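A structural walkthrough
Given next are the chains, with one letter for each unit.
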Amino acid sequence: MENTARAHTVAMEVLNEDDEAITKLETACLDLKSILYQSLTIDSTYNKIHQNLQTIQESLTISSKTVAPLQSLSIANKALDTRINRAVSPALALLSSFTAAESLQRLLLDMASELAPEKSPKKRLAKLIEYVGCVDRLDAAIGAIGEESEQAIQKLQEVVEFLSRTKAADLYTTARLRETLATLKALCEAEVDAMRFDGVLDEALLSLQDEYEALLLGIRHRDGEGLGTEMEIEVLEKISQTLAANDCLDICIDMFVKVRYRRAAKALMRLNPDYLKRYTPEEIDEMQWEDLETSISLWMQHLELAVKAVLVSEKRLCRGVLGGLMGGAIWPECFIKIADKIMAVFFRFGEGVARSDKAPQKLFKLLDMFDSLEALKPEFEEVFEGEAGADICARFRELEKLLVHASTRVFWELGLQIEGSQDGLPPPVDGSVLNLVRYAVNYLKNLAVDSYSSPMEKVLRTQQLWKGGTLSDLENDEDLLRDAISNVMEAIQRNIESKKMRYNDKVVAQIFLMNTYWYIYMRTRNTELGKLLGEAYMKKRYRNEAEESAYLYHKLACGRLVRLLEKESDDGGGEANKLEAFMSGFDEMCERHISSYNIAYDADLRDQIKEATLRLVLPVYTEFYDANMPVLATVVEDCRPPELIESSLRQIFEGGGGVQIERRQSMSQFDIGDE
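Presented here is a report on the structure given in the accompanying data block. Computed from a predicted model, the values in this text were never measured in an experiment.

It is worth spelling out the overall build of the chain at this point. Within the chain, the secondary structure is distributed over 21 helices and zero strands. The buried share of the chain, reckoned over its 675 residues, is 42%. Pairs at least 24 residues apart make up 82% of the contacts formed inside the chain by residues separated by at least 6 positions. Working note: accessible area of the chain is about 37200 Å², and carbon and sulfur atoms make up 53% of it.

Tracing the backbone through its elements, the reader meets E400 in helix α11 (residues 390–419). We classify E400 as buried; its relative accessible area is 8%. Each residue touching E400, except ones within four places of it in the same chain, is listed here: F370, L373, E374 and K377.

Here the focus is the nonpolar core. Where a protein is soluble and globular, its nonpolar side chains tend to be buried together. Ranked by internal contacts, the top residues of the largest apolar core, which has 175 residues, are W299, F384 and I520. Take this core: its biggest share by element is 15 residues, from helix α8 (residues 289–322). Every residue in contact with F384, bar those within four places of it in the chain, is listed here: L311, F335, I336, A339, M343, G389, I392 and C393.

Looking now at the packing of helix α12 (residues 435–448) against helix α13 (residues 450–466). The contact between α12 and α13 brings their axes to 5 Å, and the two run at 80°. One way to sum up the angle between α12 and α13 is to call them roughly perpendicular. Contacts between α12 and α13 involve N446, L447 and A448 from the first element and D450, Y452, S453 and M456 from the second. In terms of residue class, the contact of α12 with α13 is made up of four nonpolar, two polar and one charged.

Between its first and last C-alpha, helix α4 (residues 200–218) extends 27 Å over 19 residues, near the 27 Å set by a 1.5 Å rise per residue. Along α4, the residues classified as buried are V200, L201, A204, L205, L208, Q209, E211, Y212, L215 and L216.

With that out of the way, let us pick up the packing of helix α10 (residues 362–383) against α13. Axis separation between α10 and α13 bottoms out at 9 Å; the angle between their running directions is 80°. In terms of orientation, α10 lies roughly perpendicular with respect to α13. Here α10 contributes L363, F364, L367, D368, F370, D371 and E374 to the contact with α13, which in turn contributes Y452, P455, M456, K458 and V459. Residue composition of the contact of α10 with α13, grouped by class: eight nonpolar, no polar and four charged.

Moving on, we get to the packing of aromatic side chains. Tallying each qualifying case throughout the model produces 17 aromatic pairs. Taken together, a centroid distance of 5.8 Å and an interplanar angle of 20° make the contact between F335 and F384 stacked. Of the two residues, F335 sits in helix α9 (residues 331–355) while F384 sits in the loop between α10 and α11, which places them 49 residues apart along the sequence. Given a relative accessible area of 2%, F335 falls into the buried group. On the basis of an interplanar angle of 75° and a centroid distance of 5.0 Å, the ring pair of F364 and Y452 is categorised as edge-to-face. With F364 in helix α10 and Y452 in helix α13, the pair connects residues that are 88 residues apart, well separated along the chain. A relative accessible area of 17% places Y452 in the buried class. Geometry around Y279 places R348 over its ring, the cationic atom sitting 3.9 Å from the centre. When the ring centre of Y519 is taken as origin, the NZ or CZ atom of R438, which lies over that ring, is 5.3 Å away.

Right, let's get into helix α21 (residues 642–654). With 13 residues, α21 ought to run about 18 Å at 1.5 Å a step, and its terminal C-alpha atoms sit 18 Å apart, in line with that. Taken as a whole, α21 has its buried residues at P642, I645, S648, L649, I652 and F653. Angular distribution of buried residues about the axis of α21 spans 130°; they occupy a single face of the element. For α21, the secondary structure elements touched by its buried residues are α17 (535–557), α19 (574–595) and α20 (603–632).

What follows concerns a negative patch on the surface. Where like charges cluster on the molecular surface, the negative patch consists of E566, E623, D626 and E643. Among the structural elements, D626 can be located in helix α20. Look at D626 and you get exposed, because its relative accessible area is 53%.

This paragraph deals with the pattern of salt bridges. Considering all chains together, one arrives at 21 salt bridges under this definition. Here R482 makes a salt bridge to D479, at a shortest N to O gap of 2.7 Å. Of the two residues, R482 and D479 are both situated in helix α14 (residues 477–500); the distance of three residues between them amounts to about one turn of the helix. Overall, D479 belongs to the buried group, its relative accessible area being 18%. When the shortest N-O distance is used, the salt bridge between E490 and R541 registers 3.7 Å. Taken together, the positions of E490 in helix α14 and R541 in helix α17 put the pair 51 residues apart, joining distant regions of the chain. The structure contains a network of salt bridges with shared partners spanning E374, K377, E400 and K458.

A surface patch of positive charge is lined by R220, R222, K266 and R270. By the secondary structure assignment, R220 is in the loop between α4 and α5 (230–245). The class for R220 is partly exposed, based on a relative accessible area of 39%.

It is worth spelling out the state of the cysteines at this point. Per the stated rule, a full pass over the model turns up zero disulfides. We note that C252 lacks a disulfide partner, and the nearest cysteine sulfur, in C334, lies 7.7 Å from it. Taking the relative accessible area as the measure of exposure, C252 reaches 0% and is therefore buried. Sulfur of C590: no disulfide; nearest cysteine sulfur belongs to C558 and is 8.9 Å away. Since its relative accessible area comes to 9%, C590 is described here as buried.

What follows covers unusual backbone geometry. In this model, D247 sits at a positive phi of 60°, which is unusual for a non-glycine residue. As for its placement among the helices and strands, D247 is situated in the loop between α5 and α6 (249–269).

With that settled, the discussion passes to the environment of L533. Following the sequence through the fold, L533 ends up in helix α16 (residues 528–533). Put simply, L533 and R482 are 51 residues apart on the chain and 6.3 Å apart in space, counted from C-alpha to C-alpha. Setting aside its immediate chain neighbours within four residues, L533 contacts R482, I485, S486, M489 and M538.

Looking now at the environment of V449. Tracing the sequence through the fold places V449 in the loop between α12 and α13. Between the alpha carbons of V449 and T527 there is a distance of 8.4 Å; along the sequence they are 78 residues apart.

Here L311 lies in helix α8. Classification of L311 by relative accessible area gives buried; the value is 0%. Taking the C-alpha atoms as reference points, L311 and F335, 24 residues apart in sequence, are found 8.5 Å from one another. Excluding anything up to four places from it in sequence, L311 contacts A306, F335, A339, I342, M343 and F384.

Parameters at a glance
Residues numbered from 1 in each chain as written. Predicted model: local features only at pLDDT ≥ 70, side-chain atom pairs only at ≥ 80, totals over all residues. Heavy atoms only, no water. Helix = DSSP H or I, 4+ residues; strand = E, 2+ residues; numbered from the N terminus. Buried < 20%, exposed > 50% of the residue type's maximum accessible area, 1.4 Å probe, protein only. Contact = heavy atoms within 4.5 Å. Areas by Shrake-Rupley, 256 points an atom, 1.4 Å probe, with all protein chains shown as cover. Core = buried A, V, L, I, M, F, W, Y, C linked by side-chain atoms within 4.5 Å. Axes fitted to C-alpha atoms, helices over the stretch in contact; angles between N-to-C directions. Parallel < 35°, antiparallel > 145°, perpendicular 65-115°, else oblique. Nonpolar A, V, L, I, M, F, W, Y, C, P; charged D, E, K, R; others polar. Expected span 1.5 Å × (residues − 1). Phe/Tyr/Trp six-rings, centres within 6.5 Å; stacked < 30°, edge-to-face > 60°. Lys NZ or Arg CZ within 6 Å of the ring centre and 35° of its normal. Arc of directions from axis to C-beta. Patch = residues over 30% accessible without salt bridge, like charges linked within 9 Å, V, L, I, M, F, W, Y side chains within 5 Å. Salt bridge = Lys/Arg side-chain N within 4 Å of Asp/Glu carboxyl O. Lys, Arg positive; Asp, Glu negative; His and termini not counted. Charge placed at Lys NZ, Arg CZ, Asp CG, Glu CD. Disulfide = S-S within 2.5 Å.

In structure tokens form, the structure reads like this:
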């Protein structure tokens, strides 16, 4: 029963819920109907609005067609107004530039009238600086006119093109405007050209060229002074820049080079370098030796002066005046143009000397020239630095090369001349020293002193390196010179030995060797030549040879007389015969020594020979005389006491005996004096 009641209760609850849902659905249906009705009303209203909008759009279209031309005209007027305003501003600037240019032209004329009568150098330079500044301003003003006229014409062109494009003006008016614009353009160009090339500016540039040349001519080389004052260089620099800016660079450079070359050449001409007029090898060979020596000495002095003083100053001036042109690229070339002609004159003389005849005495002047170039080289390379000076530096090196070749050739040919000397004359009849030997020894002595040995060593080293050789560790410069001089000394010795073989008198042959070798030894002793060759070398080759010849001389000249007295006699008159033979031989020997022999040119050697002769002859004769005098006095008419024999021997060596023969042999070019 409880279950049935519970089910009935639930069923009733469900029925109640369904009634509420139906009520809600009915209410919703009514709401939908109301919305649909409102939608129909809105749709009707929208259709009416749409019709109204179409009517308004049709009205606006008609109005737009009426207003459009007026709007386009307004826009065109605004665009034209903008272009006209753009054209007015350049035109006003152009008129202002014309006014400024006219004012500067009048100012230039006034400044020119004030500059002309000015005599004070400082005041004139100051006015020139102002004048150049005014020229620059006028040039700038004319340039501005050219630029501004182009801008103004361009803007006017834009106006004309706009009128033509927009048809804001009729065709006739547009055509007239085009013609007027073309005329204006031609007038502006003509006016600018006239102001630049036919007016005050052109006259001012011509005047500046005259002032430029006058200033350059006025700057002269003076001892101990630089070229030009600071103000002069400043003015020249400003004029150079002004001329270059006005298409006158070539004129400026040409004027500078010509004027400064004349000034530099004139400064050197004051040294009277007439010797430079003769520079070919043939002309050099025709010169007297004394004149050539003097000319070479002057050449070295003048070349050093030209490089270190004249051209250095010209280089500074060139840099100061032209250094600002084209970023500094112009002035080195200009300086080289000035220096090239001057250096060419010096080079050709040096080349002529190097290529001339290779006489032995030229070696020392060739070494002087080479040494002077070596000393000058650092300053020379600094003066002619860079690409511009490459050709001059190359010619400098070529001259050094010629001097190296010439020096070595002269030296080697000297040795060949000494060894191959065949003058066709007999050796000195009195046994005196050959003039060739005197010359060669003194020649080598001069070569061995520091002032010549150093350049000669460098020449020999350079020549060897050029030939592709290399110097070993032991073969330094001094070794090269020692070997070279030793070769000449050996050539001298071979010449001496060949001369000795031409003597028929063996005694005089030994006197010749004794005199010659002793002369060589004594003349080189304690000298740079002796130190270079070494004392051991000199003793072995010359002192020992001289002593050996002295021994043979005694043996041949006096030994025979001594043997006459010492040999045993086979007959009863033997002692008398000995004495007579001795006296005959003694008188003959004395006569030969007094009339024909020249014993020992060196006083010390002569004394040694005298004492040796006395020691050899006098004791033997005294013993013979003392032993045989009582008997011989009655038999031999000529029986001289030992004192008389001693006196005669002393007279040979102390009495200045010996025929003084003129010793000028065929090699007359060997004229270095003896000491």
